[in-house]
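Residue strings, one per chain:
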Amino acid sequence: MQPLIVIDEAGLGQYVEAGLALDLARDMLQRIVQYLHAEGAWVGLHCCADPPWALLFEIGVDVISFDVFRYARTLVHSSKQAATFLMEGGCIAWGITPSDQYDEGLTPEVLARRLEEIFLQLERNGCDPSRLAEQSLVTTSCGLGKLSERENAHLLTLTREVADAVHTRSKR
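First, a word on what this report is: a plain description of the structure on this page. (Residues numbered from 1 in each chain as written. Predicted model: local features only at pLDDT ≥ 70, side-chain atom pairs only at ≥ 80, totals over all residues. Heavy atoms only, no water.)

### Comments concerning the side chain of Gln 135
The criterion, for reference: Secondary structure elements follow DSSP: runs of H or I no shorter than four residues count as helices, runs of E no shorter than two count as strands, and numbering proceeds from the N terminus. Under this definition, polar contacts are N or O atom pairs within 3.5 Å; protein pairs additionally need one hydrogen-donor-capable and one acceptor-capable atom, and for neighbouring residues in sequence, both atoms have to be side-chain atoms. Note on contacts: a residue pair qualifies if any of its non-hydrogen atoms lie within 4.5 Å across the two residues.
Relative to the assigned elements, Gln 135 resides in the loop between helix 7 (129–134) and strand 5 (136–140). Within the local environment of Gln 135, its side chain forms a polar contact with the backbone oxygen of Gly 90, the two atoms lying 2.7 Å apart. Not counting residues up to four positions away in its chain, the partners in contact with Gln 135 are Leu 86, Gly 89, Gly 90, Cys 91 and Ile 92.

So, in structure tokens, the structure goes:
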């Protein structure tokens, strides 16, 4: 059994937007990833903001976790890199359940449909549908620390139901 260590790089998107040294960020993250791999871990990276996709695909992580609820369109622009990442064995953690707001109006069907639309766009741009289905995780968009226990329970149930809905539909 291998541990999965997820680096939470919440500000990475803003770092890039501000025009700060992307090379420095890439070098630091690659060193961390290489160290963790040498220790036998799978390595993931979570980015809450609009991810710098080129950087994420270059640093050697095994899992990319991001807020797909807000930033799906930017991944679609990097479909070819996403396809290569999946072909090389990477996994994508799709943060489809928004964790910074509580909205009882969000249903598993609505969120699953939204995720499936993103999958279809990626498939049209070269991503293998079977890899998308097999190498995907369904998650909340970010951490759950700001919400109440009741709200967290609802979001976790909702996330499970979205995962079940997407899994069921991918089997058709």
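Right, picking up where we left off after that structure.
### Some points on the sheet that holds strand 5
Backbone hydrogen bonds are what pair the strands of a sheet, in a parallel or an antiparallel way. Basically, it comes down to this: Two strands pair if DSSP finds at least two bridges between them. Axis definition: a line fitted to C-alpha atoms, limited for helices to the stretch in contact. Angles are taken between N-to-C directions and run from 0 to 180 degrees.
One open sheet holds the five strands; their spatial order is 1-2-3-4-5, and the pairing between them is parallel. Of all the strands in the sheet, just strand 1 (4–8) and strand 5 have a single pairing partner and so form its edges. Direction aside, neighbouring strands of the sheet carry axes that sit 25° apart on average. Relative to strand 3 (residues 63–66), strand 2 (residues 42–47) runs parallel, the two sharing four bridges.

### Things to note about the pairing of strand 3
Cut-off, in case you're wondering: Three labels apply to residues, based on accessible area from a 1.4 Å probe with only protein chains included: buried if under 20% of the type maximum, exposed if over 50%, partly exposed otherwise in between. Convention used here: a crossover is right-handed provided that the path from the first strand, over the helix, to the second strand proceeds clockwise when the strands point away from the viewer.
Covered by surrounding structure in strand 3 are Val 63 and Ser 65 together with Ile 64 and Phe 66, the residues of both alternating faces. Each parallel crossover has a hand, and the one from strand 2 via helix 3 (residues 53–58) to strand 3 is right-handed. Pairing geometry for strand 3 and strand 4 (residues 91–97), over four bridges, is parallel. Across the sheet, the residue bridging to Ile 64 is Ile 92, located in strand 4.

### Regarding the side chain of Thr 97
Checked against the element boundaries, Thr 97 lands in strand 4. Not counting residues within four places of it along the chain, the set of residues in contact with Thr 97 comprises Leu 111, Thr 139, Thr 140, Ser 141, Leu 155, Leu 158 and Thr 159.

### A word on helix 6 (residues 108–124)
Counted only if it meets this: Each residue after the first adds 1.5 Å to the expected span of a helix. Regarding the arc, it is the one traced by the directions from the helix axis to the C-beta atoms.
Taking 1.5 Å per residue as the helical rise, helix 6 with its 17 residues ought to reach 24 Å, and the 24 Å between its terminal C-alpha atoms agrees with that figure. Looking at helix 6, one finds that the buried residues are Pro 108, Leu 111, Ala 112, Leu 115, Glu 116, Ile 118, Phe 119 and Leu 122. Looking straight down helix 6, one finds that the buried residues subtend no more than 155° of arc, so they occupy a single side. Looking one or two residues beyond helix 6, the residue adopting positive phi is Gly 126, at roughly 110°.

### Some remarks on the pattern of salt bridges
The condition that has to hold: Salt bridge, as used here: a side-chain nitrogen of Lys or Arg that lies within 4 Å of a carboxyl oxygen of Asp or Glu.
Scanning the model with the defined rule gives four salt bridges in all. Notably, a salt bridge pairs Arg 26 with Glu 58, separated by 2.5 Å at the nearest N-O pair. Here Arg 26, found in helix 2 (residues 22–38), pairs with Glu 58, found in helix 3; they are 32 residues apart in sequence, far enough to count as distant. Take Arg 26: its relative accessible area is 17%, and that puts it in the buried class. The residue Asp 164 makes a salt bridge to Arg 160 at a minimum N-O spacing of 2.5 Å. One end of the pair is Asp 164 and the other is Arg 160, both in helix 8 (residues 149–170) and four residues apart, which spans about a single turn. Exposure remark for Arg 160: the relative accessible area of 52% places this residue in the exposed category.

### A closer look at the environment of Glu 117
Tracing the sequence through the fold places Glu 117 in helix 6. On the accessibility criterion, Glu 117 (44% relative accessible area) is partly exposed. Taking the C-alpha atoms as reference points, Glu 117 and Leu 4, 113 residues apart in sequence, are found 28 Å from one another.

### Description of the state of the cysteines
What counts is decided by this rule: Criterion for a disulfide: a pair of cysteine sulfur atoms within 2.5 Å.
Within the structure shown, the criterion is met by zero disulfides. Cysteine Cys 47 remains unbridged, with the sulfur of Cys 48 as its closest cysteine sulfur at 6.8 Å.

### Looking at a nonpolar patch on the surface
We apply this condition: Here, patches come from residues exposed beyond 30% relative accessible area and free of salt bridges, joined within 9 Å for like charges and within 5 Å for nonpolar side chains (Val, Leu, Ile, Met, Phe, Trp, Tyr). Method for areas: the Shrake-Rupley scheme with a 1.4 Å probe, in which residue coverage is limited to the protein chains shown.
Taken together, the side chains of Leu 4, Val 6 and Trp 42 make up a nonpolar region of the molecular surface, amounting to roughly 260 Å² of accessible area. The topology assignment puts Leu 4 in strand 1.

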